[in-house]
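Chain and residue survey
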Amino acid sequence: MKNALSPLRGAERISSVDTMRGFALFGILLVNMLIFQYGLFGEYEYIETAQGLEKISASFINIFGTGSFVTLFSFLFGFGVMILRDRSREKQRRFWTVYLRRLLLLLAFGLLHGTYIWEGDILTSYALCGFCLFLFLWCKPKVWLTIALVIIGLMSAFSFIPAEEGSEDTLEASPSYLAQEKEVYATGSYSEVVHFRNNSMPFEDTSDGEMIAFGIFGVLASLPMFFLGAYVAAKRWLHEPDRYVSLYKKMWWISLLIGFPLKIVPQFLQNESLEGLSASLGAPLVAIFYISSIALLTYSNRWKKLSNALARAGKLSLTNYLSQSIFFTFLFYGYGFGLFSKVGVTSGIVFTLVFFTIQLFLSKLWLQFFIIGPLEWIWRLWTYLKIPSIKRKKKKRPTQISAGL
């Protein structure tokens, strides 16, 4: 069919976006390495008591990674939504059915991932953010930008609201939960880990309303960058990079001079307001720093090999992301090698570099023979309701004509 809706191919893809996606994969693994090793709540307990090189390594991750790569992926998701909408309009196809199918599959992947593989799933949150974005896709781009700025502003202002005197942080995991978490993840069988993950309550004396509010806050943390990604796509700032070099440079300096100080200061001053501001404003600004940096560097020949390698990993982002969870839960949990809480933050950074380098190599190898990854194949099958090609067609060698004598 001439107007059949299909995914972007080859030259249609925006190389800088694939590079950002690959870089985000690396950063998310770097941050998740703490959770793989110490649990979703146990990582905070370990970081508080870490000393020397371990403390430096933890601070490095908090400054350059925590919150920033999740929001970078949020930006890319919002950007991708607009690409899908524009292509639907070009092909004169109905956008909302394709988009909602896409969100439902993403939600299914997230629920399965969070239930049966690892509790640190981000796909479910992205799916929920996608539904929120859907409600505003019919608005003008300036509305998306306004929504993003308002949410960031409100969350930043919320950081400065003083806690009531004598109140306790009700969302701090209980000591009994942390002890059980460490024991089950370090020595438990697969069924025991799954049962603990889905049935244990980390918080004491926490109402259902507080838990719902906690979940909403988690979605709100990613939502602004969804709207910002949609806005940037609508403005075509990454489609036509040569036209916006000066804009990239301005955003680079602003995010560098404001974002990183907001992330660095809380590492030396224990203050809840500064920590909240670091998460609500510092993290997205550092994500913008990465976005503008890659936009400026992707088209430089000096960084071409690295950007191409990251782009290949980015094309297989769903497969690579879930592969990270499967490998490292098996490495650290009791049903695998049982290295839970035995490796450390510094060694975890080394593990991240080694494993992601392997993923870069495997992504290159895979894409020499296939167009997309196995999970991306399922993603496209469900999204477009047609069987997508997966094998790369072999190039025909030119026929050699003998000159003869």
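Criteria and cut-off values
- Residues numbered from 1 in each chain as written.
- Predicted model: local features only at pLDDT ≥ 70, side-chain atom pairs only at ≥ 80, totals over all residues.
- Heavy atoms only, no water.
- Helix = DSSP H or I, 4+ residues; strand = E, 2+ residues; numbered from the N terminus.
- Contact = heavy atoms within 4.5 Å.
- Phe/Tyr/Trp six-rings, centres within 6.5 Å; stacked < 30°, edge-to-face > 60°.
- Buried < 20%, exposed > 50% of the residue type's maximum accessible area, 1.4 Å probe, protein only.
- Salt bridge = Lys/Arg side-chain N within 4 Å of Asp/Glu carboxyl O.

The name given to the protein in an unreviewed UniProt entry is DUF418 domain-containing protein, and the organism recorded there is Priestia filamentosa.

Mapped onto the secondary structure, Ser 125 falls in helix H6 (residues 123-134). Contacts of Ser 125, omitting those with residues within four sequence positions, involve Gly 218, Val 219 and Ser 222.

Take the packing of aromatic side chains next. The final tally for this structure, using the stated rule, is 39 aromatic pairs. With 5.7 Å between their ring centres and 65° between their planes, Tyr 126 and Phe 226 make a pair best called edge-to-face. You can see Tyr 126 sitting in helix H6 and its partner Phe 226 sitting in helix H10 (residues 208-235), a full 100 residues away along the chain. Judged by relative accessible area, which is 4%, Tyr 126 ranks as buried. Relative to Phe 340, the ring of Tyr 185 lies with its centre 5.6 Å away and its plane at 75°, an arrangement referred to as edge-to-face. Residue Tyr 185 is found in helix H8 (residues 175-187), and its partner Phe 340 is found in the loop between helix H14 (317-332) and helix H15 (345-369); the two are separated by 155 residues along the sequence. Phe 340 shares its class with Tyr 185; the two are buried.

What follows covers the pattern of salt bridges. Taken as a whole and judged by the stated rule, the model has 4 salt bridges. With its nearest N and O atoms 2.9 Å apart, the salt bridge here joins Asp 18 to Arg 21. Of this pair, Asp 18 and Arg 21 both sit in helix H1 (residues 15-38), 3 residues apart, roughly one helical turn. Judged on exposure class, the residue Asp 18 and its partner Arg 21 are both buried. A salt bridge links Arg 243 to Glu 240, with the shortest nitrogen-to-oxygen separation between them at 3.1 Å. Linked through salt bridges whose partners overlap, the residues forming this network are Arg 236, Glu 240 and Arg 243.

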